[in-house]
Amino acid sequence: MRAGKPPDAAELRRRAEQRLRGVTQPPRVPPETQRLLHELQVHQIELELQNEELRASRALVEAGLVRYTDLYDFSPVGYFTLERDGAIVQTNLTGARLLGVERARLAGRRFGAFVAAADLPAFDAFLQQAFTLQPHPACELRLDGEGRPPLIVQVEATLAADGQACHAVVTDITARAQAEVRLQVAASVFTHAREGIIISSPAGTILEVNAAFTRITGYSRDEALGRDPRMLNSGVQGPEFYAAMATALARDGQWTGEIWNRRKNGQVYAESTTISAVRDADGRTRNYVTLFTDITTMKAHQQQLEHIAHYDALTNLPNRVLLADRLQQAMLQCQRHDRALAVAYLDLDGFKAVNDRHGHNTGDELLITLAHRMKAALREGDTLARIGGDEFVAVLVDLETVQDCTPVLVRLLQAAAAPATLGDAVLHVSASIGVTLYPQDAADADQLMRHADQAMYQAKQAGKNRYHLFDVVQDVALQSRHESLEHIRRALAQHEFVLYYQPKINMRTGVVIGAEALIRWQHPERGLLLPAAFLPIIEDHPISIELGKWVVATALAQMSAWHAAGQDIPVSVNIGAHQLQQEEFVPQLTALLLAHPDVHHRFLELEVLETSALEDMAHVSEVMHACHALGVRFALDDFGTGYSSLTYLKRLPAELLKIDQSFVRGMIDDADDRAIVEGVIGLVRAFHREVIAEGVETAAHGELLLALGCDLAQGNGIARPMPAAELPAWVASWHRAWPARRCAAH
């Protein structure tokens, strides 16, 4: 098939003559006839050549038409011919697909029928422009097609030659529009994010920052671009810190932590930072994105909470919590370096008379003055703590001999006994000090404190204003401990122990929320003995674990009996730290719970005692979480007495904290006790826990607790511990027994 214009007559004649030369001529005929015959043959060949040219041209046209149809129908854009009213005259297959309708059903339908209602005014204006000879009008529309999701399209139009129609090109820009929206959202997030954002090159050059960066650091965008993020370094962290950061980024592609940086004005601030590497498909780092938040206020608040939790509010000396921690650390150092330490328990002589005569404010001023003096009497590394009232404890470290602590003890006595002039009054007090030495006194931290306390009372009995050393060898308690353990072991075997139950109430709502199981020893000769008469003897002894198992089993059996009688009463049980850390604790508790399937697991609460003895925090936390998974609740008992710590609040799953009764009982008359109660309630709120106060003796205690935000309480003013058989009846009538009914409506 040839392409091009058809040949003219001369060309056809030439080609016909050329083809005729190869044709056999007829026998000789007259010249005229021969001429006519020749012309006839030439004309016939010309006709055949014309037919061939026509067939070739038709085939070429048909092929072009097919190509045009393919290009038209399968173009990536939709083609429409529209009349002035928007009626569709013609469209290609792509246009029909954009509208979601078969092409055969589109003829005569208006294009505007497929345009979203909100975009119809724009489409009408577009048509008007197309038919008023404005050059190539264009607009963006949303199409609500039949049988397919809405699309965003761009429409361009040109007026047809006859002026009665326009040709519109419709392009699907949905993906592009969505991408633009995503870019706009990303840009908005970048601009308006509260976190500071830095985008930097692999070499560390700052490429872009957001507005929060400027707000936090004080550097404008122009001041930051092209510089290194190290411009913010404060010098608080050393080179090893940034080396570790670079190692983590290279290894993990991310680093998260806290950094102290410096603002433009020179102020050092804390930020929580995450740096992430942005990598391409080949794993090459293209950028680093740094997100950071100013946490200076949070750090200050955290430090404030830590200070409240670890320091005495009046004297600013370490409290019981910090003292316990420092004593533990000092004992470890003694073991490592073969040194000794002394625990000195100091109680002021005559301080009550100062309070009674001059008032609590003067007494507080005297405590502050003496605290400063006694602290100055210590050596570097020693610790002086106030543990309540007029009682102090000093930990004297790094001693080689017993005599090394003598000069410090003498200075403490002198500091306490020196006159103190406060206003017009000259006040005189003294101190009695009890001292025990570690490791000669091979006890744990709590026992060291008790031994020093015992020695302090001996110093008072000997005439006050002196110190007394605890004698480990002659200690009567140690000598009789073995005998006492045997008595307790026999009592357990002969079922002499019983459980009493003290109710716990919500003073605001009047609801009885449960009861605490309290062990008693029904001694055959001495009568009913309270826990203080026997529990200290078995502390850290295997028999304490056996007795603890008995308490849990007995409490569950009693809860089952109450359930059978139609009354479900939650019960809390005290668990010693030694018992809690046993490997078999969780399996044993699981078995006991399975033995009483009618008892709801959530009705059992374990009160953790002696939390300062929880040396293996990770294991204890694991055990408590395992029990928590069984549905059992936890409480931290005696909170505020030296067994409390923010570490326990953070890591142990205890829903409830119990304020120690010593502070609750004294909070009405003692500002320090009230401050401790308020502090504990504040900590509980900060850590989103519940709090209950024990030791509520009077209606005044209940009213003050409610005012401070503590609704839950127990104590003798509500109900004394009672046998299990009496508790259901008390629950039914407890309002008649509680004189502070007005507390419930406070």
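On a predicted model such as this, the values are computed, not experimentally measured, just so you know. (Residues numbered from 1 in each chain as written. Predicted model: local features only at pLDDT ≥ 70, side-chain atom pairs only at ≥ 80, totals over all residues. Heavy atoms only, no water.)

**Examining the packing of aromatic side chains**
What describes a pair of aromatic rings is the distance from one ring centre to the other and the angle between the planes of the rings.
Piece 1. The full count for this structure, using the stated rule, is 12 aromatic pairs.
Piece 2. Residues Tyr-501 and Trp-562 carry aromatic rings whose centres are separated by 5.1 Å and whose planes lie at 70° to one another, so their mutual orientation is edge-to-face. Here Trp-562 lies in helix α16 (residues 542-564) and Tyr-501 lies in strand β18 (residues 497-506), a separation of 61 residues in the sequence. Take Tyr-501 and Trp-562: they sit in the same class, and that class is buried.
Piece 3. Among the aromatic side chains, those forming a connected cluster through ring pairs are Phe-80, Phe-111, Phe-123 and Phe-126. (Phe/Tyr/Trp six-rings, centres within 6.5 Å; stacked < 30°, edge-to-face > 60°. Helix = DSSP H or I, 4+ residues; strand = E, 2+ residues; numbered from the N terminus. Buried < 20%, exposed > 50% of the residue type's maximum accessible area, 1.4 Å probe, protein only.)

**Side note on the pattern of salt bridges**
Piece 1. Enumeration over the complete set of coordinates arrives at 31 salt bridges.
Piece 2. Lys-504 is paired through a salt bridge with Glu-605; the nearest N and O atoms lie 3.3 Å apart. Linking Lys-504 in strand β18 with Glu-605 in strand β22 (residues 604-608), this pair joins segments that are 101 residues apart in sequence. An identical accessibility class is assigned to Lys-504 and Glu-605; each is buried.
Piece 3. Ionic pairing is found between Glu-516 and Lys-658, a salt bridge with its closest N-O pair at 2.9 Å. (Salt bridge = Lys/Arg side-chain N within 4 Å of Asp/Glu carboxyl O.)

**As for the nonpolar core**
Piece 1. If you look at the biggest cluster of nonpolar residues, it comprises 78 residues, and the most contacted ones within it are Tyr-501 and Val-573.
Piece 2. Sorting elements by how many residues they give to this core places α16 first, with eight residues.
Piece 3. Dropping the residues within four chain positions of it, Val-573 is found in contact with Ala-517, Val-551, Val-552, Ala-555, Leu-604, Glu-605, Leu-606 and Glu-607.
Piece 4. One finds Met-374, Ala-416, Val-429 and Ile-433 within the second-largest nonpolar core, a separate group that totals 36 residues. (Core = buried A, V, L, I, M, F, W, Y, C linked by side-chain atoms within 4.5 Å. Contact = heavy atoms within 4.5 Å.)

**Topic: a nonpolar patch on the surface**
Piece 1. A surface patch of nonpolar side chains, about 210 Å² in accessible area, is lined by Val-410, Tyr-467 and Leu-469.
Piece 2. In this fold, Val-410 is placed in helix α13 (residues 406-417). (Patch = residues over 30% accessible without salt bridge, like charges linked within 9 Å, V, L, I, M, F, W, Y side chains within 5 Å. Areas by Shrake-Rupley, 256 points an atom, 1.4 Å probe, with all protein chains shown as cover.)

**A few points about the sheet that holds strand β3 (residues 138-143)**
Piece 1. With respect to topology, five strands assemble into an open sheet ordered β2-β1-β5-β4-β3, the strand pairing being antiparallel. The strands lining the two open edges of the sheet, one partner per strand, are β2 (88-91) and β3. Taking the axes of each pair of neighbouring strands and ignoring which way they run, one obtains an average angle of 30° across the sheet.
Piece 2. In this sheet, strand β5 (residues 165-172) lies alongside strand β1 (residues 78-83) in antiparallel orientation, the contact comprising six bridges. Within β5, the position partnered with Glu-83 by the bridge is Ala-165.
Piece 3. In the packing of helix α4 (residues 120-130) onto the sheet, the strands contacted are β1, β3, β4 (151-159) and β5, and the crossing angle to β4 comes to about 20°. (Pairing = 2+ DSSP bridges. Axes fitted to C-alpha atoms, helices over the stretch in contact; angles between N-to-C directions.)

**A word on helix α10 (residues 320-337)**
Piece 1. Spanning 18 residues, α10 covers 25 Å between terminal C-alpha atoms, matching the ideal 26 Å at 1.5 Å per step.
Piece 2. Those residues of α10 lying buried are Val-321, Leu-322, Leu-323, Leu-327, Ala-330, Met-331 and Cys-334.
Piece 3. Where the residues of α10 are buried, they touch α9 (296-310), β11 (340-349), β12 (383-388), β13 (391-399), β16 (430-438) and α14 (445-461).
Piece 4. Its side-chain oxygen at 3.1 Å from the backbone nitrogen of Val-321, Asn-319 defines the N-terminal cap of α10. (Expected span 1.5 Å × (residues − 1). Polar contact = N/O pair within 3.5 Å; in protein donor to acceptor, adjacent residues only side chain to side chain.)

**A closer look at unusual backbone geometry**
Piece 1. Following Tyr-438, the chain continues to Pro-439 via a peptide bond in cis, the omega torsion being 10°.
Piece 2. Examined against the element boundaries, Pro-439 turns out to sit in the loop between β16 and α14.
Piece 3. In the Ramachandran plot, Asp-398 falls in the positive-phi region, its phi being about 60° despite a non-glycine side chain.
Piece 4. Take Asp-398: it is sitting in strand β13.

**A few points about the environment of His-563**
Piece 1. By secondary structure assignment, the location of His-563 is in helix α16.
Piece 2. On a C-alpha basis, the gap between His-563 and His-600 in space is 9.7 Å, while along the polypeptide they are 37 residues apart.
Piece 3. Once residues within four sequence positions are removed from consideration, His-563 is found in contact with Asp-568 and Asp-598.

**A closer look at the packing of α10 against α14**
Piece 1. Running from amino to carboxyl end, α10 crosses α14 at an angle of 105°, the nearest separation of the two axes being 10 Å. The angle between α10 and α14 falls in the class roughly perpendicular. For the pair formed by α10 and α14, the contact residues are Leu-323, Leu-327, Gln-328 and Met-331 on the first element and Ala-445, Leu-448 and Met-449 on the second.
Piece 2. A per-class count over the contact of α10 with α14 returns six nonpolar, one polar and no charged. (Parallel < 35°, antiparallel > 145°, perpendicular 65-115°, else oblique. Nonpolar A, V, L, I, M, F, W, Y, C, P; charged D, E, K, R; others polar.)

**Examining the sheet that holds strand β6 (residues 196-200)**
Adjacent strands of a sheet pair through backbone hydrogen bonds, lying either parallel or antiparallel.
Piece 1. Overall, antiparallel pairing links the five strands, which are arranged β7-β6-β10-β9-β8 in an open sheet. Two strands lie at the open edges of the sheet, namely β7 (206-209) and β8 (254-262), each paired on one side alone. Going from strand to strand, the sheet's axes swing by 25° on average, the running direction of each strand aside.
Piece 2. Of the strand pairs in this sheet, β8 and strand β9 (residues 268-279) are connected by nine bridges, and their pairing is antiparallel.

**Considerations on the packing of α16 against helix α18 (residues 585-594)**
In a pair of packed helices, the angle between the axes and the distance between the axes together describe the arrangement.
Piece 1. Closest axis-to-axis distance for the α16/α18 pair is 10 Å, and the angle between their directions is 20°. By the angle between their directions, the pair α16 and α18 is classed as roughly parallel. For α16 against α18, the interelement crossing comes out right-handed. Here α16 contributes Lys-549, Val-552, Ala-553 and Leu-556 to the contact with α18, which in turn contributes Gln-588, Leu-589, Leu-592 and Leu-593. (Left-handed = near helix turned anticlockwise from the far one by under 90°.)

**Here we look at the pairing of β3**
Piece 1. Residue alternation in β3 divides its side chains into a buried set, Cys-139, Leu-141 and Leu-143, and an unburied set, Ala-138, Glu-140 and Arg-142.
Piece 2. As paired elements, β3 and β4 share six bridges and run antiparallel to each other. When the bridges of β4 are listed, Arg-142 appears paired with Ile-152.

**Re the side chain of Asn-319**
Piece 1. Of note, Asn-319 is situated in the loop between α9 and α10.
Piece 2. Asn-319 gets classed as buried once you look at its relative accessible area, which sits at 14%.
Piece 3. Side-chain polar atoms of Asn-319 contact the backbone oxygen of Ala-309, separated by 2.8 Å.
Piece 4. Excluding residues within four positions of it along the chain, Asn-319 makes contact with Ile-308, Ala-309, His-310, Tyr-311, Asp-312, Ala-385 and Arg-386.

Everything listed is a geometric property; what it means functionally is a separate question.
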